[in-house]
Amino acid sequence: MSLGLTLPKAELHLHIEGTIEPELVFSLARRNGVELPFATVDDLRRRYVFDDLQSFLDLYYLSMAVLRTAQDFTDLTDAYLAKAREQGVRHAEIFFDPQAHVSRGVPLAEVMTGLTESLRTSRERFGISTRLIACFLRDLGPQEALSTWETLQPHLEHIDGIGLDSAEVGHPPQLFEPVFTRARDAGLHVVAHAGEEGPPEYVWQAIDVLGVERVDHGIRSVEDGALLKRLAGDRTPLTVCPLSNVRLRCVPELSRHPLPRLLDAGVLVTINSDDPSYFGGYVGENFTALQEALKLDDSVLRQFAADSFRASFLPEAERDALI
Ligand code: ADE
Ligand code: ZN
């Protein structure tokens with residue numbers, strides 16, 4: 001097996017809803033009596049061709065309709081953890097989208113029960129420690145984010161951080177300053193998607209206005225030299241998702257990924273899968289595809305793996321034990 005698959009690593013940018021394989025979409029649809037607008041598993045898989053972030057999000061939100069009960073969320077998370085273990089993942093910081101479920105009539109308590117039932121024993125069953133990060137859907141706006149923050153309150157013992165995701169352009173990070181301030185004041189970790197499709201200005205806002213500890217994607221930072229200096233100087237990690245960037249056409253092909261420019265600037269980069277069911281590979285496959293396309297030395301992969309633990313929210317002693 002290749003080094004990219006076997007290296008012990010942390011995955012820090014993973015939407016649990018984006019791990020749902022077409023087979024699971026169909027089996028949950030049957031279990032829950034949900035009618036799907038696709039005839040077969042192959043028919044669904046054939047739709048995994050995207051023009052941009054929005055065309056992906058349309059299918060991502062549509063397929064979520066099959067997730068209805070706590071058991072569904074447990075099964076989904078168990079399936080991810082089993083797959084992640086095969087690819088060397090020892091620690092995973094997992095995003096979920098509360099609003100995408102509550103807006104469909106699935107109670108937040110059902111979602112939380114299902115996720116935590118799986119995560120509670122992830123270390124014993126899969127050898128993977130975990131953290132959970134609740135993301136706000138930026139296209140629903142800052143008021144909705146604030147009211148979602150209120151509904152999260154009874155569940156904060158299970159939530160380690162908050163994030164910001166969904167359609168980026170036109171929804172700048174600074175709008176979400178109030179909810180991020182509340183989350184920081186409550187002692188939660190904070191991250192945000194920025195600079196995936198959006199401009200470098202959004203990355204500046206994520207770090208300066210929201211105070212994020214990591215930037216999710218952040219690839220458009222290469223367009224702004226002062227921003228690269230800032231990210232490198234502060235050692236603010238970027239959670240880069242190479243196969244996602246190509247599939248969503250943020251990058252024309254893997255061999256032209258801006259990652260080498262980020263590394264040359266001294267930015268701390270981690271490699272992640274984002275929505276692996278949709279983008280043709282889990283985290284190990286992101287490592288191997290990137291190595292092949294960019295002709296990276298094994299030492300660079302080892303650096304990514306070590307930095308994935310350094311960029312995690314694990315306590316220092318646990319982090320060091322994994323590197
Ligand atoms: N939600 C799931 N995947 C996403 C991505 N790549 N960007 C923004 N929001 C997302
Ligand atoms: Zn993402």
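Residues numbered from 1 in each chain as written. Chains lettered and ligands numbered in written order. Predicted model: local features only at pLDDT ≥ 70, side-chain atom pairs only at ≥ 80, totals over all residues.

What exactly am I supposed to notice about the overall build of the protein here?
Looking only at helices and strands, the protein features 18 helices and eight strands. The C-alpha radius of gyration of the protein comes to 18 Å, within 12% of the 20 Å expected for a compact globule of 323 residues. Along the longest, intermediate and shortest principal axes, the C-alpha atoms of the protein span 50 × 45 × 40 Å. Taking all 323 residues of the protein together, 48% fall into the buried category. Pairs at least 24 residues apart make up 75% of the contacts formed inside the protein by residues separated by at least 6 positions. (Helix = DSSP H or I, 4+ residues; strand = E, 2+ residues; numbered from the N terminus. Rg over C-alpha atoms; globule rule 2.2 N^0.38 Å. Buried ≥ 20, exposed ≤ 12 C-beta atoms within 10 Å, placed from the backbone. Contact = placed C-beta atoms within 7 Å.)

Help me out: how do you make sense of the site of ligand 1 in this one?
Around ligand 1, the surrounding shell consists of His15, Gly18, Leu53, Tyr60, Asp165, Ser166, His193, Glu196, Ser244, Asp274 and Asp275. By residue class, the composition of the shell around ligand 1 is two nonpolar, five polar and four charged. (Near = placed C-beta within 6 Å. Nonpolar A, V, L, I, M, F, W, Y, C, P; charged D, E, K, R; others polar.)

Explain helix α11 (residues 200-208) here, please?
Note on helix geometry: an α-helix contains 3.6 residues per turn, so any two residues three or four positions apart are oriented the same way. Within the span of α11, buried status applies to Tyr202, Val203, Trp204, Gln205, Ala206 and Ile207. Of the surrounding secondary structure, the elements contacted by the buried residues of α11 are β5 (189-194), β6 (214-217) and α12 (225-234).

How should the packing of helix α9 (residues 141-152) against helix α10 (residues 177-185) be read in this particular structure?
The N-to-C vectors of α9 and α10 enclose an angle of 25 degrees; their axes lie 8 Å apart at closest approach. Our classification of the angle between α9 and α10 gives roughly parallel. Of the residues in α10, those touching α9 at Pro142, Ala145, Leu146 and Trp149 are Pro178, Val179, Arg182 and Ala183. (Axes fitted to C-alpha atoms, helices over the stretch in contact; angles between N-to-C directions. Parallel < 35°, antiparallel > 145°, perpendicular 65-115°, else oblique.)

Sorry, what's going on with the environment of glycine 218 here?
Mapped onto the secondary structure, glycine 218 falls in the loop between β6 and α12. The buried category is assigned to glycine 218, around which 30 C-beta atoms lie within 10 Å. Considering only alpha carbons, one finds glycine 218 and histidine 91, 127 residues apart in sequence, at a separation of 22 Å. In this view, glycine 218 contacts Ala194, Gly195, Val203 and Leu238; residues no more than four positions away in its chain are not counted.

Got a minute to help me understand the packing of helix α5 (residues 70-86) against helix α7 (residues 108-119) in this structure?
Any two packed helices are characterised by the angle at which their axes cross and by the distance between the axes. At a minimum axis separation of 7 Å, α5 and α7 run at an interaxial angle of 35 degrees. Handedness of the α5/α7 crossing: right-handed. Packed against α5, whose contacting residues are Ala70, Gln71, Asp72, Phe73, Thr74, Thr77, Asp78 and Leu81, the element α7 presents Glu110, Val111, Thr113, Gly114, Leu115, Glu117, Ser118 and Leu119 at the interface. Its residues assigned to classes, the contact of α5 with α7 shows six nonpolar, six polar and four charged. (Left-handed = near helix turned anticlockwise from the far one by under 90°.)

How should I be thinking about the pairing of β5 in this particular structure?
Along a regular strand, successive side chains alternate from one face of the sheet to the other. Among the six residues that make up β5, five are buried, leaving the element largely enclosed by the rest of the structure. The pairing of strand β4 (residues 161-165) with β5 spans two bridges and is classified as parallel. Across the sheet, residue isoleucine 162 finds its bridge partner in β5, namely valine 190. For the crossover that starts at β4, traverses α10 and ends in the parallel β5, the hand is right-handed. (Pairing = 2+ DSSP bridges. Right-handed = clockwise from strand over helix to strand, strands pointing away.)

Even after reading the chapter, I still don't get α10, so can you show me in this structure?
Every buried residue of α10 is accounted for by Val179, Phe180 and Ala183. Within α10, the buried residues cover an arc of 100 degrees as seen down the axis, which keeps them to one side. In the core, the buried residues of α10 are packed alongside β3 (129-137), α9, β4 and β5. Backbone geometry just after α10 places glycine 187 at a positive phi near 85 degrees. (Arc of directions from axis to C-beta.)

So what exactly am I meant to see when it comes to the nonpolar core here?
Generally speaking, soluble globular proteins have nonpolar side chains that are buried together. Phe96 and Ala206 are the most contacted members of the largest nonpolar core, which has 88 residues in total. Looking at this core element by element, the count peaks at six residues for β3. With residues up to four places along the chain from it excluded, the contact list for alanine 206 reads Pro173, Ala192, Ala194, Val212 and Val215. (Core = buried A, V, L, I, M, F, W, Y, C linked by C-beta atoms within 7 Å.)

I tried to follow the confidence of the model for the protein on my own but got confused; where do I start?
The predicted coordinates should not be examined in detail at positions where pLDDT is low. Overall, the prediction assigns the protein a mean pLDDT of 98, with 100% of residues at 70 or greater. Reported for the predicted complex are a pTM of 0.98 and an ipTM of 0.98. (pLDDT = per-residue confidence, 0-100.)

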